[in-house]
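# A structural walkthrough
Read off the chains here:
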Amino acid sequence: MVTKDDKEKIARIFKEMADLLAIKGENPFRIRAYEKASDIIKHLSGNLEEICRQEKISKIPGIGKGIAEKVKVILKEGTLPAYEQLKKSIPPGLIEILSIPDIGPKTARLLYEKVGIKSLEELEEAAKTGKLKGLPGLGAKKEENILRGINLYKTRSSRILLGKALPLVNNILMELKEKAHPVIERISIAGSLRRGKETIGDIDILAASFEPSSLMRVFTSLSFVSQILARGETKSSILTPEGLQVDLRVVPSDCFGAAIQYFTGSKSHNIKLRERAIRRRLKINEYGVFTQDKRKIAGKEEVEVYRVLDLPFIPPELREDRGEVEAAEKGVLPHLLNQEDIKGDLHIHTRASDGMDEIPVIVEKAREKGYEYIAITDHSYSLRVAGGLDSKAILSQVEVIKNINSRLTGIKVFSGVEVNIKLDGSLDMPDEVLSRLDVVIAAIHTGFKQDRETMTRRIIKAIRNPFVHVLAHPSGRLLGEREGYDIDFDEVLNVAAEEGVWMEINSQPERLDLTDYWAMEAKKRGVKVVINTDAHNKDSLDFIKLGVITARRGWLEKEDVVNTLSLKEFAEILKQRRVRK
Ligand SMILES: [Zn+2]
Ligand SMILES: [Zn+2]
């Protein structure tokens with residue numbers, strides 16, 4: 001069976017081939033072909049093996065005969081001879097250098113040929129000692145950027161995205177339950193993963209079992225184990241093929257509640273609880289809550305641990321010591337939003353720009369998710385790399401959507417656009433066209449390095465446009481790849497509050513932007529949030545759960561998020577924004 005991972009693997013091989021060819025200075029067309037194929041396969045929906053079997057693969061635009069053959073070979077053999085050969089022709093460390101932002105194949109080649117740099121370590125050393133300065137196109141500024149990039153890269157390789165960790169741990173739990181169910185009494189994820197942090201160091205699993213040793217035996221022999229780091233009676237650690245550490249702890253079931261509380265963290269949240277316990281002459285640890293005469297008064301259930309400290313249950317996403325213990329004490333914890341509250345997704349790309357699916361396919365998926373509405377928001381013209389639409393094309397898409405809606409019941413498709421914010425803050429589409437669209441989301445895709453003042457002015461100008469409803473991926477950060485733009489975000493939020501413009505929580509695993517922190521700040525200023533997936537294929541609509549987790553970490557309630565509204569209410573507030581002006 002071909003899984004999503006296979007698509008990712010093939011995409012990765014093609015991307016790497018493109019990079020390798022580029023380092024060698026090969027024909028740009030050939031390089032571009034591999035890059036394109038990588039992109040297409042990564043976003044392809046449907047079963048890849050099926051597509052190959054029906055010989056449909058070479059009919060996909062952008063995939064030629066040669067590439068199609070290579071896909072088949074990888075599916076069959078797990079790798080590609082041409083790829084293996086290519087890899088041998090270049091020092092392996094040189095490929096890793098390409099993971100550093102700001103270093104493309106051309107620069108890598110230059111570094112190799114002129115300075116003899118073959119690895120990340122050598123690059124770091126050279127940048128620190130100022131050896132890169134003399135090279136063409138490499139000033140002091142670039143040297144600084146490279147060092148910052150190396151730091152970012154190092155944190156990324158030691159941490160994994162929430163969006164990757166969640167499916168991984170679900171598979172682990174499934175296999176564990178399947179093979180060890182007779183001896184598992186209870187099992188749960190713990191640690192930062194349970195708190196929904198955007199990146200995860202290692203995965204913590206906690207189980208209650210009356211036969212810990214057999215559970216450990218099953219755990220250390222699961223299919224995804226590539227290395228056993230430690231095997232003990234109550235704790236074992238393994239490494240997955242991706243290099244991710246997974247720890248399993250086993251406790252007696254009458255301690256499970258205290259243990260899951262303790263191992264979920266965060267550390268600073270637990271310190272708060274411990275201080276609270278001490279004030280009540282209680283002792284709290286991973287085994288339970290105890291009185292001074294060592295009597296155990298809580299431990300089996302997590303909720304009990306909070307109860308004996310005179311607190312209501314605090315959802316894991318809030319346990320960061322950002323005021324949750326105080327709020328719990330006063331009885332003013334937020335009623336956090338749930339995934340079921342989401343009624344629609346307002347940031348979706350189709351084949352008209354750089355998406356992979358047609359509107360009807362997306363509608364079906366949205367229907368499965370129980371949505372009442374979606375908005376189609378392809379890119380605007382100036383984003384040529386993403387096949388952006390010009391005014392004429394977008395208006396003809398409006399007609400297509402009208403037509404689709406006339407045949408739909410129970411769900412509505414809004415027409416929209418993800419309009420590019422140009423360098424000066426003006427929008428890449430005339431107002432008269434924007435006025436004919438239901439939903440306008442504005443976003444920055446170029447000129448990330450403008451200075452703070454210019455960038456802040458640019459974004460404010462864009463959201464002052466009366467036709468804009470949403471600012472998409474507001475900070476522009478890409479986890480482990482790119483820091484957010486340098487902006488005065490307080491100022492942006494103040495203007496958004498004034499204008500009634502919504503801030504997006506973009507649910508793409510590497511974005512999660514707004515961050516939890518800024519979602520909270522938006523709420524404080526009365527700025528509404530919309531949680532979108534920015535899906536480029538139908539399956540990506542499932543990323544919504546990552547956005548919801550981020551919103552929960554930002555203390556958001558249903559009322560704070562506009563796409564929890566019913567279709568009728570939502571259509572109404574879409575119009576309000578424009579009536580105001
Ligand atoms: Zn975008
Ligand atoms: Zn987008």
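Here the structure is shown first, and the text comes after it.
Reading the values: rules and limits
- Residues numbered from 1 in each chain as written.
- Chains lettered and ligands numbered in written order.
- Predicted model: local features only at pLDDT ≥ 70, side-chain atom pairs only at ≥ 80, totals over all residues.
- Heavy atoms only, no water.
- Salt bridge = Lys/Arg side-chain N within 4 Å of Asp/Glu carboxyl O.
- Helix = DSSP H or I, 4+ residues; strand = E, 2+ residues; numbered from the N terminus.
- Buried < 20%, exposed > 50% of the residue type's maximum accessible area, 1.4 Å probe, protein only.
- Donors = N, O, S within 2.8 Å, 3.2 Å for Na, K, Ca; no water.
- Core = buried A, V, L, I, M, F, W, Y, C linked by side-chain atoms within 4.5 Å.
- Contact = heavy atoms within 4.5 Å.
- Tetrahedral: all angles 85-135°; square planar, octahedral: opposite > 155°, others 65-115°.
- Phe/Tyr/Trp six-rings, centres within 6.5 Å; stacked < 30°, edge-to-face > 60°.
- Lys NZ or Arg CZ within 6 Å of the ring centre and 35° of its normal.
- Pairing = 2+ DSSP bridges.
- Polar contact = N/O pair within 3.5 Å; in protein donor to acceptor, adjacent residues only side chain to side chain.
- Axes fitted to C-alpha atoms, helices over the stretch in contact; angles between N-to-C directions.
- Parallel < 35°, antiparallel > 145°, perpendicular 65-115°, else oblique.
- Left-handed = near helix turned anticlockwise from the far one by under 90°.
- Nonpolar A, V, L, I, M, F, W, Y, C, P; charged D, E, K, R; others polar.

## Looking at the pattern of salt bridges
Following the criterion strictly, the structure yields 39 salt bridges and no others. The salt bridge partner of Glu-320 is Arg-195, with a shortest N-O separation of 2.8 Å. One end of the pair, Glu-320, is in the loop between α15 (302–308) and α16 (324–330); the other, Arg-195, is in helix α11 (residues 191–195), with 125 residues separating them in the sequence. Exposure class is identical for Glu-320 and Arg-195. Each is buried. Across the salt bridge formed by Arg-457 and Glu-453, the nearest N and O atoms sit 3.6 Å from each other.

## So, the coordination of the zinc ion (ligand 1)
At this site the zinc ion (ligand 1) is bound by Glu-418 (OE), His-445 (NE2) and His-473 (NE2), with donor distances of 2.0 to 2.2 Å. Between consecutive donors of the zinc ion (ligand 1), the numbers of intervening residues give the motif E-x26-H-x27-H. Metal-to-metal, the separation of the zinc ion (ligand 1) and the zinc ion (ligand 2) is 3.4 Å; Glu-418 coordinates the two. Placement of Glu-418 in strand β13 (residues 412–420) and of His-473 in the loop between β15 (470–471) and α21 (489–499) is noted, with a sequence separation of 55 residues between them. The exposure classification of Glu-418 matches that of His-473, with both residues buried.

## What to know about the nonpolar core
If you look at the biggest cluster of nonpolar residues, it comprises 60 residues, and the most contacted ones within it are Ile-374, Leu-434, Met-503 and Ile-531. Those residues in contact with Met-503, other than ones at most four positions away along the chain, are Leu-471, Pro-474, Phe-489, Val-492, Leu-493, Ala-496, Leu-514, Val-527, Lys-528, Val-529 and Val-530. Counting residues in each nonpolar core, the second largest holds 50 residues, with Met-17, Leu-20, Ile-40 and Leu-86 among its members.

## Details of the coordination of the zinc ion (ligand 2)
Every protein donor of the zinc ion (ligand 2) is listed here as His-347 (NE2), His-349 (NE2), Glu-418 (OE) and Asp-534 (OD), and their distances to the metal cover 2.1 to 2.2 Å. Geometry at the zinc ion (ligand 2) is irregular, judged from the 4 donor atoms that bind it and their angles of 82 to 166 degrees at the metal. Here the donor residues for the zinc ion (ligand 2) map to a single chain with the spacing H-x1-H-x68-E-x115-D.

## Things to note about the packing of aromatic side chains
The geometry of an aromatic ring pair is captured by two quantities: the separation of the ring centres and the angle between the planes. Scanning the entire structure with this criterion turns up 10 aromatic pairs. By way of ring pairs, the aromatic residues Tyr-373, Phe-414, Trp-502 and Phe-570 are connected into one cluster. The ring of Phe-448 has Arg-482 sitting right over it, with the charged end atom 3.8 Å from the ring centre.

## Examining the pairing of strand β6 (residues 235–239)
Counting buried positions over the 5 residues of β6 gives 4, a clear majority of the element. The sheet contact formed by strand β5 (residues 227–231) and β6 spans 4 bridges and is antiparallel. Note on β6: the bridge partner recorded for Ile-228 is Ile-238. Between β5 and the antiparallel strand that follows it, β6, lie 3 residues. Both β6 and strand β7 (residues 245–251) contribute to a ladder of 5 bridges, which runs antiparallel.

## So, the side chain of Asn-270
Relative to the helices and strands, Asn-270 resides in helix α14 (residues 267–279). A polar atom in the side chain of Asn-270 sits 3.0 Å from the backbone oxygen of Tyr-262. Ignoring any residue separated from it by four or fewer positions in sequence, one finds Asn-270 in contact with Gln-261, Tyr-262 and Gly-265.

## Observations concerning the packing of α21 against helix α22 (residues 516–524)
The contact between α21 and α22 brings their axes to 10 Å, and the two run at 40 degrees. Here α22 runs oblique to α21, going by the angle between their axes. Handedness of the α21/α22 crossing: right-handed. Across from Phe-489, Asp-490 and Leu-493 in α21, the residues of α22 making contact are Trp-518, Glu-521 and Ala-522. Residue classes in the contact of α21 with α22 are distributed as 4 nonpolar, no polar and 2 charged.

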